[in-house]
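If you want the building blocks of each chain, they are given just below.
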Amino acid sequence: MADLTPTHISWQPSANAANHHTDRYTSTELIVRRGQSFTITLYFNRPRQNGESLGFVTEIGPSPSESHRTRAAFGLSEAGGSGWSAAQGPSDSAAVNFNISSPPNAIIGRYNLTLRVTAGNKIFSRYLGQFVLLFNPWCPGDDVYMSNENERQEYVLNENGIIFVGNARYIEARGWYYGQFQDLLNICLTMLDLSLYYRQDPAMDVSRRGDPKYLGRVISSMINGNDNDNGVLLGKWQGSFHSHENPSRWDGSVVILKKWRQDNYRPVQYGQCWVFAGVMCTVLRCLGIPTRLVSNFNSAHDVDRNLSIDKYYDSSGRSLNISKDSTWDYHVWNESWFIRPDLGRAYNGWQVLDATPQEQSRGIFQCGPASVLAIKEGEVNLDYDTLFVYSEVNADCNRWIVYNDGSKKRVYCDTEIIGRSISTKAVGSNGRVDVTANYKYPEGSSEERRVYRKALSKILGISVTEGHTDSAGGRSSETMRNPGIAGKFKLAEPPVFGKDINLVLVLNNLSSDRKSIRVDMSASTILYTRRAVAEILKAATAVELGPKQGKHIRVKIPYTHYGKYLTTDKRIQVTALCEVMRSQGLKLLVEKTIILEDTNIIIKVPRRIVVNRAVSLEISYANPLPEPVSRCVLLVTLMNQQVKINLARLAPRERSKIFFEFTPRRAGPLQLQVDFSCDKFSHVKGFVTIAVAPAFHTIDSNIGLLPMAFLSPALKIGKVNWQSKLNKAAHHTSDYSSTELILRRGQPFSISLNLKTTAQSWDNFTFIASTGPSPEESQQTKAIFSLSEEGASGWSAAQESSEPRCLNLTILSPADAVVGRYKLQLQVLAGNKLSSKVLGQFVLLFNPWCPDDDVYMANEKERQEYVLNDSGIIFQGVEKDIQEEAWNYGQFEEDILDISLAVLDRSLSHREDPALDVSRRSSPVYVSRVISATVNSNDEKGVVEGKWSGRFRSGTNPLRWSGSVSILRRWHRARYRPVRYGQCWVFAGVTCTVLRCLGIPTRVITNFNSAHDKNLNLSIDKYIDVSGNNLHLSEDSVWNFHVWNESWFVRRDLGSFYDGWQVLDATPQERSKGIYQCGPASTRAIKEGDVDLDYDSPFVFAAVNADCVTWIRYSKKRKERIYSDTRKIGKFISTKAVGTNARVDVTDNYKYPEGSLKERQVYKKALKLLGVKRPGKRSKIPRSRRGISRAQPAQTPSISGKLLLDASPVVGQDILLTLTLKNLISDFKTIKVKLKASAILYTRKPKEEILQLHRSVKLGSEEVKEISFKISYSQYKNSLMDDRKILVTAVCQMKRGASLLVEKDIVLQDPFLTIKVLGPAMVHKPVNVEVTFTNPLSEEVTDCVLRAEGSGLLKEQLRICVERMAPMETSTVEFEIIPYRSGTRQLQVDLVCTHFSDIKGFVMLHVAPTQ
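Definitions and limits used
Residues numbered from 1 in each chain as written. Predicted model: local features only at pLDDT ≥ 70, side-chain atom pairs only at ≥ 80, totals over all residues. Heavy atoms only, no water. Helix = DSSP H or I, 4+ residues; strand = E, 2+ residues; numbered from the N terminus. Buried < 20%, exposed > 50% of the residue type's maximum accessible area, 1.4 Å probe, protein only. Contact = heavy atoms within 4.5 Å. Lys, Arg positive; Asp, Glu negative; His and termini not counted. Charge placed at Lys NZ, Arg CZ, Asp CG, Glu CD. pLDDT = per-residue confidence, 0-100. Pairing = 2+ DSSP bridges. Salt bridge = Lys/Arg side-chain N within 4 Å of Asp/Glu carboxyl O. Polar contact = N/O pair within 3.5 Å; in protein donor to acceptor, adjacent residues only side chain to side chain. Phe/Tyr/Trp six-rings, centres within 6.5 Å; stacked < 30°, edge-to-face > 60°. Lys NZ or Arg CZ within 6 Å of the ring centre and 35° of its normal. 1 Å grid on protein atoms, 1.4 Å probe; cavity = no way out; pocket = protein on both sides within 12 Å on 5 of 7 lines; lining within 4 Å. Points joined across faces, edges and corners; volume = space filled by probe spheres on them. Nonpolar A, V, L, I, M, F, W, Y, C, P; charged D, E, K, R; others polar. Expected span 1.5 Å × (residues − 1). Axes fitted to C-alpha atoms, helices over the stretch in contact; angles between N-to-C directions. Disulfide = S-S within 2.5 Å. Parallel < 35°, antiparallel > 145°, perpendicular 65-115°, else oblique.

**Remarks on the overall build of the chain**
Secondary structure assignment for the chain yields 27 helices and 79 strands. Each principal axis of the C-alpha atoms in the chain carries an extent, and together these give about 130 × 90 × 75 Å. Considering the chain as a whole, with its 1411 residues, one finds that 58% of them fall into the buried category. Within the chain, counting contacts between residues at least 6 apart in sequence, those at least 24 apart form 68% of the total. Taken together, the 179 basic and 148 acidic charged side chains of the chain have centroids lying 3 Å from each other.

**Here we look at the confidence of the model for the chain**
Confidence in the prediction for the chain averages 89 pLDDT; 94% of positions are at 70 or higher. Low pLDDT (under 50) marks residues 470–479, which in the prediction has 23 contacts with non-local residues, meaning those over four places away or in another chain.

**So, the pairing of strand β47 (residues 806–812)**
One face of the sheet, then the other: side chains in a regular strand alternate in exactly this way. Burial of β47 is extensive: five of the seven residues sit out of reach of the surface. Sheet topology places strand β43 (residues 749–755) next to β47; six bridges connect them, and they run antiparallel. Bridge pairing links N754 to C806 in β47. Where strand β46 (residues 796–799) and β47 come together, four bridges link them in antiparallel fashion. Pairing of A797 across the sheet is with I811, part of β47.

**Let's talk about the pattern of salt bridges**
Throughout the structure, instances matching the rule amount to 70 salt bridges. Of the charged contacts, one joins K440 and E443 as a salt bridge, the two residues approaching to 2.6 Å between their closest N and O atoms. The class for K440 is buried, based on a relative accessible area of 5%. Given a relative accessible area of 25%, E443 falls into the partly exposed group. Where D520 meets R518, a salt bridge forms, and the shortest distance between an N and an O atom there is 3.0 Å.

**Some words on the side chain of S752**
Here S752 lies in strand β43. The exposure class of S752 is buried, given its relative accessible area of 6%. Within the structure, S752 has its side chain in polar contact with the side chain of Q723 (distance 2.8 Å). Look past the residues within four positions of S752 in its chain and what remains in contact with it is K719, V720, N721, Q723, C806, L807 and N808.

**Quick look at the environment of L76**
Inspection of the secondary structure assignment puts L76 in the loop between β5 (71–75) and β6 (78–79). In this structure L76 touches R48, L54, F56, A86, A87, Q88 and F98, once residues within four positions along its chain are discounted.

**Regarding the packing of aromatic side chains**
Following the criterion strictly, the structure yields 50 aromatic pairs and no others. Aromatic pair Y312 and W400: ring centres 6.2 Å apart, planes at 25°, arrangement stacked. In this pair, Y312 sits in strand β16 (residues 308–314) while W400 sits in strand β21 (residues 396–402), placing the two residues 88 residues apart along the sequence. We classify Y312 as buried; its relative accessible area is 11%. Residues Y1023 and W1111 carry aromatic rings whose centres are separated by 6.2 Å and whose planes lie at 15° to one another, so their mutual orientation is stacked. Of this pair, Y1023 sits in strand β55 (residues 1019–1024) while W1111 is found in strand β61 (residues 1107–1113), placing the two residues 88 residues apart along the sequence. Residues Y1023 and W1111 agree in their burial class; the two are buried. Grouped by ring-pair contacts, the aromatic residues F38, F56, F74, W84, F98, Y111 and F131 constitute a single cluster. Note that R1003 overlies the ring of W1061, its terminal NZ or CZ placed 4.0 Å from the centroid. One Lys or Arg, R1118, reaches over the ring of Y1114 and ends 3.9 Å from the middle of that ring.

**Here we look at the side chain of T934**
Checked against the element boundaries, T934 lands in helix α20 (residues 924–934). A relative accessible area of 0% places T934 in the buried class. Only 2.9 Å separates the side chain of T934 from the backbone oxygen of V930, close enough to count as a polar contact. Beyond its immediate chain neighbours, meaning those up to four positions away, T934 contacts V903, R906, S907, E940, G942 and V943.

**Overview of empty space enclosed by the protein**
Per the stated rule, a full pass over the model turns up nine cavities of 30 Å³ or more. Looking at the second largest cavity, its volume works out to about 80 Å³. Lining the second largest cavity are H244, E245, K259, D263, R266, P267, V268, Q269, P773, S774 and P914. Of the residues that constitute the lining of the second largest cavity, the class distribution is four nonpolar, three polar and four charged.

**Observations concerning unusual backbone geometry**
Of note, the bond from G368 into P369 is cis; its omega dihedral lies within 30 degrees of zero at 5°. As for its placement among the helices and strands, P369 is situated in the loop between β19 (349–353) and β20 (370–371). You will see that R362, though not glycine, has its phi angle at about 55°, which is positive. A relative accessible area of 63% means that R362 is categorised as exposed. Positive phi values are uncommon outside glycine, yet F1132 reaches one of about 50°. F1132 sits in the partly exposed class, given a relative accessible area of 32%.

**Observations regarding helix α8 (residues 273–286)**
In this model α8 runs 20 Å from its N-terminal to its C-terminal C-alpha over 14 residues, within 8% of the 20 Å that 1.5 Å per residue would give. For α8, the buried fraction is high: 14 of the 14 residues fall into the buried class. Of the residues one or two after α8, G288 is the one with positive phi, at around 100°.

**Brief notes about the sheet that holds β61**
The sheet built from three strands is open, its strands ordered β55-β61-β62 with mixed pairing. Edge positions in the sheet fall to β55 and β62 (1119–1125), since each of these pairs with one other strand and no more. Going from strand to strand, the sheet's axes swing by 25° on average, the running direction of each strand aside. Looking at chain direction, β55 and β61 are connected through six bridges and run parallel. Note that in β61 the partner of Y1023 across the bridge is W1111.

**What about helix α10 (residues 386–394)?**
Of all nine residues making up α10, nine are buried, and the element is well covered by its neighbours. Every buried residue of α10 is listed here: T386, L387, F388, V389, Y390, S391, E392, V393 and N394.

**Topic: the sheet that holds strand β36 (residues 641–647)**
A sheet is described by the order of its strands in space; here five strands give the open sequence β33-β39-β38-β35-β36, paired in mixed fashion. In the strand order of this sheet, the two ends are held by β33 (609–610) and β36, each with one partner.

**Examining the environment of Y1273**
Note that Y1273 resides in helix α27 (residues 1273–1276). A sequence separation of 304 residues divides Y1273 from R969, and the C-alpha atoms of the two residues are 39 Å apart.

**What to know about the state of the cysteines**
Within the structure shown, the criterion is met by zero disulfides. With no disulfide partner, C281 has as its closest neighbouring cysteine sulfur the one in C286, 11 Å distant. A relative accessible area of 0% means that C281 is categorised as buried. Not part of a disulfide, C992 finds its nearest cysteine sulfur in C997, a span of 11 Å. Judged by its relative accessible area of 0%, C992 falls in the buried class.

**So, the environment of P357**
Considering the arrangement of structural elements, one finds P357 in the loop between β19 and β20. Setting aside residues no more than four positions away along its own chain, P357 makes contact with N224, N226, W237, F276 and F365.

**Describing the packing of helix α17 (residues 896–905) against helix α22 (residues 984–997)**
Where α17 contacts α22, the axes come no closer than 9 Å and their chain directions differ by 100°. The pairing of α17 with α22 is recorded here as roughly perpendicular in orientation. Of the residues in α22, those touching α17 at I896, L897, S900 and V903 are T993, V994 and C997. Residue composition of the contact of α17 with α22, grouped by class: five nonpolar, two polar and no charged.

This is the structure:
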């Protein structure tokens, strides 16, 4: 009987979502809340028999374990020790219902659910799928339980919110869209996985996610990006915001969180306190924790924790930045509702969490949760960060005058100003609720004083009694003398932005004496943090006050004074320092913060709005200034769907209006937000909450809103036809495995717009093409252009012959456009109505077919090879034994284009300034250099991590890679964690893939005997001892081969002479301008010795031109140069031929013939430019040798020698060699020969000695003798590296005369691997492939794997296990491939085994198109 197996599962999504209050999440997966049962239905292949029992296993996290409560196993009708349980519900023969219950303290997150079937002693499991478990405020056993349903609706399910801003006397309401159900759940869960807590111990972190206290604290650290933890937001409170977002720009959390994900979890720039709090509220509500926003007016930041906020002024009343303490007009944080078992039941309820990065808590920028009750009772020693929050609402405020001699005098103290009008949104309405009483007792009351002394005692560790709080706080014990006068600023009229500000300073003499008063007044524009931006007024006057007399001093601040200095906070602080003359310095400080009122945005809403019926709103906006404004933009946001409208300029004081049309798709409250900006001011905001009534027939409530802003009844746009097939063929992008439109710049493309109504002659069409995070016309990342009229950006659009309801358009991008993913938007102006529609996205690439593009390549065969060929050959080995290795570039495979664009977005350049980085992506010089840096992982989370020594157990041996696709996909799937491991050909192969994918013609180059000249003196020095052992005294090295790239483009930065092939090297060898990157270096510059030109020409010049010098070191004081070769470096520089797999030697592109007069001149020119006077100079070389230069070779030995192989060396067989020595003179010679063999890497770095022999040879006059010797397989089998390379050296010494060094590099050959395609290959038709291979060893091998891959042939790598092979056995494996792309294709096969190096082979086959 067949095993009992589920054939299908129904997650009952509708019923479960409704029961668990998760039906508003826009996700197809099951989302449920803990402590509550959910139902699934399983369909089995047969009825369950007696003796068969069922159970379930739930697992979460990277290392599920029952001890960590991240794994639970439980049977039917029994509760496991974990609290999970399952019961069978009503069922029939075909379907079985199960009710699964989680405990109310279960860990939240994404679970795997597995069915376990037990039959006798046989147990087997079947994976069922995943579900997400959230906190449950509806469950009395959950720590976040909230008993009031209205509060649950508000603090868990409401997606719209109000943030209160302004100051304590002028509180404004600002709309905020939380949008916790808008496809954000995965982002919220990812946020947890990126935290420092998770990085330090993933299993422990996940095990603690059942605790809302822990989770809230983690999220408070992750909303900000201050700890290098990939947090969501970077804060900025001063300076300009340049190409990033002004915090005032944000209206909701959804766009921020999605941008964070889109930018690969790089912090979004920028936020301020209300933005941090808004995003945090979204995340916590999304995960099920009841949360609200709280605004504290006159919020203190007490840096030195002494409950005193000290501010200093000079004698004229100007603010001094001496203290780090500050008082913000307002500060916004969060409160979350849960119990505190760690503190005790008394502290349950609202808990403060603050994601704004102000202070570190236990080494991380995080704050809370701090119990609100603990704050009220002054329990500042309780976890977490209670003292910090207590000071924010309770600190005293002190003002000091600093005199020229440095002395200070306190002139003001207020114990009641901090922590005023603490506010939050009311439940069920947009009203403001004052919750100050939750945080403290009434100011000045005995209870408030008692709590203050209690808190101060805990801070200082001493008892603070009544009347001693002032000195105990560390402040001056001086008693302030009453100046006998009182003062106050009053506004003569409401302060309106754009108008002059008129206010009055009212001074009253409180005494019976006459007083002379000097008044120093100052006014500055400030931020909401009260940090001064610019001083706009400074004045002084004198006032005479009779006994009990009062006087008014009028003050005017003209718009012309403050207009250009005002920030988006629109705040001005006015101070008056009033000194009573002849009173020994008695002074009164009077302050006032003025918030200028914006001209209101007025939104008129119809009385009744119904689901699925179009509605039109009237939005009016105004220019409040006495001067015209231009570049007016209105942003209208509905449920995170935003419409941007470019408006006409406004005359002075002009008010205008537009109509906004949308169709609501869901009943209930909706928040519409409006943001108006222009060239003179920005971010004037308004919002309205719209009540949408249900209709009789409703569409799925998850669809949301479909705003169609200002669409004229005369013209409505339907579907967009991107003419994908036609455009891709014309742009040579048909091979990309992507459904989106992929184009090349400088070439027109066609689109068709299907119209719901007929276009009219008066319709004015404007297109907007934008790319990058902050599109700007000034940075060429945004282009605005009209029909039949080329825009300033070079973009243009033209109308082709069209039908009444179909508009055919041709759009042309400039040949120097920025490459990347673009959004195309259409605006239509019909009369006074403007319609705006996002048409969609396309990707724009470099264009080697366009003569005006910097990457233009005239030869079509070369374009086919260097842009469109998705396979290639990389040459390896040694100069006398060059081998070819196949490589699958796969630039057209699925996801590779997206990953290539992600390579650019992960660069350091993009992280430092995303907008500037994107704007520079029009230049292949810039793009290629960025890619050379990001393909390696040395400076950022680049693609590949290099490794040249040791074992590769924690990653993949570089020799195992056969192509770029699997590497790039692995990097992408691992969230851009570097792939381990690569070496030079891997870096070059991946770089070639990315550059070809982006449209830059690129090829792979191999340089044999490649120099790495660390000190750039054009001399590669090697030191050995008398036995031939490497002494590692120099960092210089010569690699058997080194692989880099060449890309083809012009060099506008250098001049046309240097156009053509440019060297790029992603292998991380040396830093260039602080980063591991290399190139582009013009091959013409290298050949001509122009090593002063950008980029990295000296490094590449040395790689192909340096001298090679070997020294014997006899002692610390005696060295002998025994070998000097000026021609060894830079041999057989090779690349694949165009159209074939043949090798092409391109050495002549890099240098003139060795030893020629021109080569000598270029070498000397390079030496001069590098500032090297004597090549090869070393400070420790004996004085007699220091004059040796390239023109003065070492003393010539009187004998010659050569190492020869008796037969081709093959892995698994003995290696037979002969050393031939010849006496070049007539004198008799006795020669001591020291033979040594070592296993080496391809970098020629010795790893392990294999053989050492000593021989003595006597040579008569001009006599020749041979020394034969053997390296047996048993000697080298355990020492041979994967490179299969052995270096044999013979040091030949005589009593008199120069020593001789003879070297030979041996590359052991693998037995051939034969590949046969058994029949004709055709697209989408299966064809068999036969692979024949041999075990090269005289011993049995096991656990071999045959791997196959090839672009256009196999979408994923094929793996076939070969369990056992007898000694020298030949085996045959047959497998099937189904080609999916026509043309010439490369199939690669690799036999992988732990007993020997990979055996590789490839075959080229022609795939015919489907007939």
